[in-house]
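# What the coordinates show
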Amino acid sequence: MNGRTHTAAGLACGLTAAAAVMPETLTLQGLVLGSAAAAMASTLPDCDQYGRNTKDVARCMVRLVVFCVLAQWLTKRPVDWQYAVFFILAVLAGALTDHRSVTHSAAALLLFSWLFGVTIGDNQELTFWFFIAYASHLVLDVLNKRGEMLFWPFSRERICLKLSRSESMLGKLIFKAAAAWYAVVLVLTLFQRYGGMIQRYGGMIR
């Protein structure tokens, strides 16, 4: 799957899971930060394609720093910049691995989610969004013709269903469906939380 498909799927899965498990956290602030965390995590496994491309590594670092600053400002939770450094080092280490190997494993999912969580002050809600979005990437890549080492380091076998490739019709369909689903759930969530306020405000104007 390509980057936009993974991003759309990560956003859709993150929002849907958050709405089902912790709907009380879906304030405007929670939606903004959660969506940002999901967008970042949804393509992170593909850091194994950065190689020596310093621009991709730099973009990843900038995204993390901007997110941390925004999260600290909005949530008032201090960021642990020491763990942010470890997060970046993990990305750099992942960039040296083969595509769909180490960073596409359940072990990497747990490691990156833990590093992200401790970096942003153990914010469980945002870590949940991150975890779900990262996991969605692994699930989608199982559909590809080139497998992923899902159970590394216990096994180097590449798991795949050989149903799709990056620019396949199935990939495009998943992108459209995920983007539409995210938009629908987002609108419903906002209306459920703020619809009454909007109606009251409209009534005051009339």
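Preceding this paragraph is the structure being described.
Attention here is on the structure that accompanies the text. Computed from a predicted structure; not experimentally measured.

Definitions and cut-offs
- Residues numbered from 1 in each chain as written.
- Predicted model: local features only at pLDDT ≥ 70, side-chain atom pairs only at ≥ 80, totals over all residues.
- Heavy atoms only, no water.
- Helix = DSSP H or I, 4+ residues; strand = E, 2+ residues; numbered from the N terminus.
- Expected span 1.5 Å × (residues − 1).
- Buried < 20%, exposed > 50% of the residue type's maximum accessible area, 1.4 Å probe, protein only.
- Contact = heavy atoms within 4.5 Å.
- Phe/Tyr/Trp six-rings, centres within 6.5 Å; stacked < 30°, edge-to-face > 60°.
- Lys NZ or Arg CZ within 6 Å of the ring centre and 35° of its normal.
- Patch = residues over 30% accessible without salt bridge, like charges linked within 9 Å, V, L, I, M, F, W, Y side chains within 5 Å.
- Areas by Shrake-Rupley, 256 points an atom, 1.4 Å probe, with all protein chains shown as cover.
- Salt bridge = Lys/Arg side-chain N within 4 Å of Asp/Glu carboxyl O.
- Polar contact = N/O pair within 3.5 Å; in protein donor to acceptor, adjacent residues only side chain to side chain.
- Core = buried A, V, L, I, M, F, W, Y, C linked by side-chain atoms within 4.5 Å.

Helix length check: helix α5 (residues 106–119) (14 residues) gives 20 Å between terminal C-alpha atoms against 20 Å at 1.5 Å per residue, within 8%. Regarding α5, the residues found buried are A108, L109, F112, S113, L115, F116, G117, V118 and T119. Tucked inside the fold, the buried residues of α5 contact α2 (28–43), α3 (54–75), α4 (81–95) and α6 (124–141). Of the residues one or two after α5, G121 is the one with positive phi, at around 80°.

That bond from W152 to P153 is cis: its omega, 5°, falls within 30 degrees of zero. By secondary structure assignment, the location of P153 is in the loop between α6 and α7 (169–205). Here the phi dihedral of R100 falls at roughly 60°; this positive angle occurs in a residue that is not glycine. As for its placement among the helices and strands, R100 is situated in the loop between α4 and α5. Within the chain, D122 stands out as a residue other than glycine whose phi angle is a positive 55°.

With that settled, the discussion passes to the packing of aromatic side chains. Inspection of the entire model under this criterion finds eight aromatic pairs. Plain terms: the ring middles of F116 and F130 are 4.3 Å apart, the flat faces sit at 15° to each other, and that makes the pair stacked. On the criterion of sequence distance, the pair formed by F116 in helix α5 and F130 in helix α6 is long-range, its members being 14 residues apart. Among the residues examined, F116 registers a relative accessible area of 0% and is labelled buried. With centroids separated by 6.3 Å and ring planes inclined at 35°, the aromatic side chains of F130 and Y134 adopt a geometry described as tilted. In this pair, F130 and Y134 are both assigned in helix α6, four residues apart and thus about one turn of the helix distant. Judged on exposure class, the residue F130 and its partner Y134 are both buried. An aromatic cluster is built from F67, F87, F112, F116, F130 and Y134, whose rings are joined through pairwise contacts. A cation sits over an aromatic face here: R4 above F175, 4.1 Å from the ring centre.

This brings us to the side chain of T189. By the element assignment, T189 lies in helix α7. By relative accessible area, T189 is classed as buried at 10%. Discounting residues that sit within four places of it in the chain, T189 has contacts with L15, L26 and L31.

Where nonpolar side chains cluster on the molecular surface, the patch consists of V85, F86, L89 and L92 and spans about 330 Å² of accessible area. When its relative accessible area of 38% is taken as the criterion, F86 is described as partly exposed.

Moving on, we come to the pattern of salt bridges. Throughout the structure, instances matching the rule amount to two salt bridges. R59 serves as the salt-bridge partner of D56, at 2.6 Å between the closest nitrogen and oxygen. One end of the pair, D56, and the other, R59, are both in helix α3, three residues apart, so they sit about a helical turn from each other. On the basis of relative accessible area, R59 is assigned to the partly exposed category, the value being 43%.

What follows covers α6. An ideal rise of 1.5 Å per residue puts 26 Å on 18 residues; α6 measures up with 26 Å between its terminal C-alpha atoms. Counting buried positions along α6 gives 13 out of 18 residues, so the element sits mostly inside the fold. A distance of 3.2 Å separates the backbone nitrogen of E125 from a side-chain oxygen at the start of α6, and that oxygen is part of N123.

Once that is clear, we can look at the nonpolar core. Formed by 51 residues in total, the largest nonpolar core has its most connected members in F67, F87, F112, F116, W129 and Y134. Secondary-structure elements contributing two or more residues to this core are α1 (3–21), α2, α3, α4, α5, α6 and α7. Among all residues touching Y134, those that are not within four sequence positions of it are A41, L44, P45, T103, A108, L109 and F112.

Any link to function would need more than the numbers given here.
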